[in-house]
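Chain residues, written in single-letter form:
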Amino acid sequence: MAKYMLGDPALAGARKVAYVSTFPPRKCGIATFTSDLVNSITCLNKLYDQRVIAIDGRHLFKPACEAMEHKIGRDFLEDYVLMADFLNQSSVDVVNIQHEFGIFGGEAGEYIGAFLDHLNRPVATTLHTVLPNFENKSKEVFSKIVEKSTALVVLNETTRTLIRQYGVPAKKVKLIPHGCPDLPLVSSAKAKPKLGLQNKVVLSTFGLLSKGKGIEQVIAALPEIIKKEPRLIYYVLGVTHPQVKKNEGEAYRNMLHDMVKRLGLSGHVRFLNRFLSKPELYDYLQATDVYITPYVSPNQISSGALVNALAAGKAVVSTSYLHAIEALGGGRGVFCRFNDSNSIAERVAEIIENPALRESLEQKAYGYSRKFTWQSVAKKYLRLFNELTQQSEEKNYSTTTPPKNRLSPSLH
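Just so you know, these numbers come straight off a predicted model, no measurement behind them. (Residues numbered from 1 in each chain as written. Predicted model: local features only at pLDDT ≥ 70, side-chain atom pairs only at ≥ 80, totals over all residues. Heavy atoms only, no water.)

Student: Residues and numbers for the overall build of the protein, please.
Tutor: Counting its regular elements, the protein contains 15 helices and 13 strands. For 412 residues, the compact-globule formula gives about 22 Å, and the C-alpha radius of gyration of the protein, at 23 Å, lands near that figure. If one aligns the C-alpha atoms of the protein with their principal axes, the spans along those axes are about 80 × 45 × 40 Å. Within the protein, the proportion of its 412 residues that are buried is 53%. Contacts in the protein between residues at least 24 apart in sequence constitute 71% of all its contacts with a sequence separation of at least 6. Accessible surface computed for the protein: about 18,300 Å², of which carbon and sulfur atoms make up 51%. Positive and negative charge centroids in the protein, built from 52 and 39 side chains respectively, lie 4 Å apart. (Helix = DSSP H or I, 4+ residues; strand = E, 2+ residues; numbered from the N terminus. Rg over C-alpha atoms; globule rule 2.2 N^0.38 Å. Buried < 20%, exposed > 50% of the residue type's maximum accessible area, 1.4 Å probe, protein only. Contact = heavy atoms within 4.5 Å. Areas by Shrake-Rupley, 256 points an atom, 1.4 Å probe, with all protein chains shown as cover. Lys, Arg positive; Asp, Glu negative; His and termini not counted. Charge placed at Lys NZ, Arg CZ, Asp CG, Glu CD.)

Laid out in structure tokens, this is it:
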């Protein structure tokens, strides 16, 4: 424990942090987010150690606590308890949980509750999914997270407002935006030759494919847009979501391919069925003229894909889901109606035909994203970890030190 008098401003900060999350090589948005966060904090060179406790499909092998592998078998309840006990015996100062219901085991990811029940370290939980109306089990799991977390990190003001209805104490809630890469603002015309796309008008959507992405609505909109702009190419960037592929195979992707053939769009739609490296992804984003995020659910509170499009300074057409309403307000994007290909066609054509509008959208999107580059976000997380460590040490000090020694000399 750090040596200091209660009230001394020079309290010790966090030195070791553990993250409970999915992590590469797992291919999912939460894994990518955590990897970016850990790497960005590493670049600050302020922590002695960072440990990632990866949520994995395999059972945890535990010959001895000291030799415990840093992972939790997703569907093995005892692993959550064992890892909590391991962290309790370690020198970790703070635990950061990256929370999304589907990445943890049990109904609605309830096994994370067992981890929290046994853990005696300060916990900062980053909330990636909050709904206006949770189903019973999800609400129960969410309530446990609220109760046991020392701090709750929300990614935008929309989520902070949303969780008020669940009675979350305001002092527990910390707003730290979803991070984005610090990319230069490059015109699409300059970026296109590298990809052989000169003289093309490029639309794109990226992310892990699933029915909720609404990509079929963009494909349905293309014939109308192509009438006005025959040079158009639409890129669908990314693999099928691993959980979707496990449960449904490639049914959604195959449906999209069939739709492209049926509409005679094979020369205008390109699927990149792989998990793109960051440099490759950024190349495609920078070559994009209009980025489209046509999500089906109005309740989505966070989109890493949208954040990356803003970071690249793209003109965005989006349905009005919760994160998009906040991120694209103030003229930073253009909204289309949900599940409406005609609306998408109208909005895309409006941007393509109006260079001044497109330039305005690009400048505003890029300027907005400068507030949450990963370096800035990493500093905010580090500040939070320091704060939680100091509170914990102060609490431990006050409960283990005789009353006569608690006050600094100036207060006697």
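Read on, since the account is not over.
Student: Which residues make up the side chain of threonine 373, and what values go with them?
Tutor: As for its position among the elements, threonine 373 is in the loop between α14 (355–369) and α15 (374–400). For threonine 373, a relative accessible area of 10% corresponds to the buried category. Those residues in contact with threonine 373 that lie beyond four places of it in its chain are Cys180 and Asp182.

Student: So what's going on with the pattern of salt bridges? Which residues, and what values?
Tutor: Think of it this way: side chains of opposite charge can pair up when their charged atoms draw near. Applying the stated criterion across every chain, the model contains 22 salt bridges. Among the salt bridges present, the one from glutamate 110 reaches lysine 137, with a minimum N-O distance of 2.8 Å. In this pair, glutamate 110 sits in the loop between β4 (94–99) and α3 (111–118) while lysine 137 sits in helix α4 (residues 136–148), placing the two residues 27 residues apart along the sequence. Here glutamate 157 ties to arginine 160 by a salt bridge, and the two come within 2.7 Å at their closest N and O atoms. Residue glutamate 157 and its partner arginine 160 are located together in helix α5 (residues 157–163), separated by 3 residues, close to a single helical turn. Where salt bridges share partners, they join Lys192, Asp289, Arg358 and Glu362 into one cluster. (Salt bridge = Lys/Arg side-chain N within 4 Å of Asp/Glu carboxyl O.)

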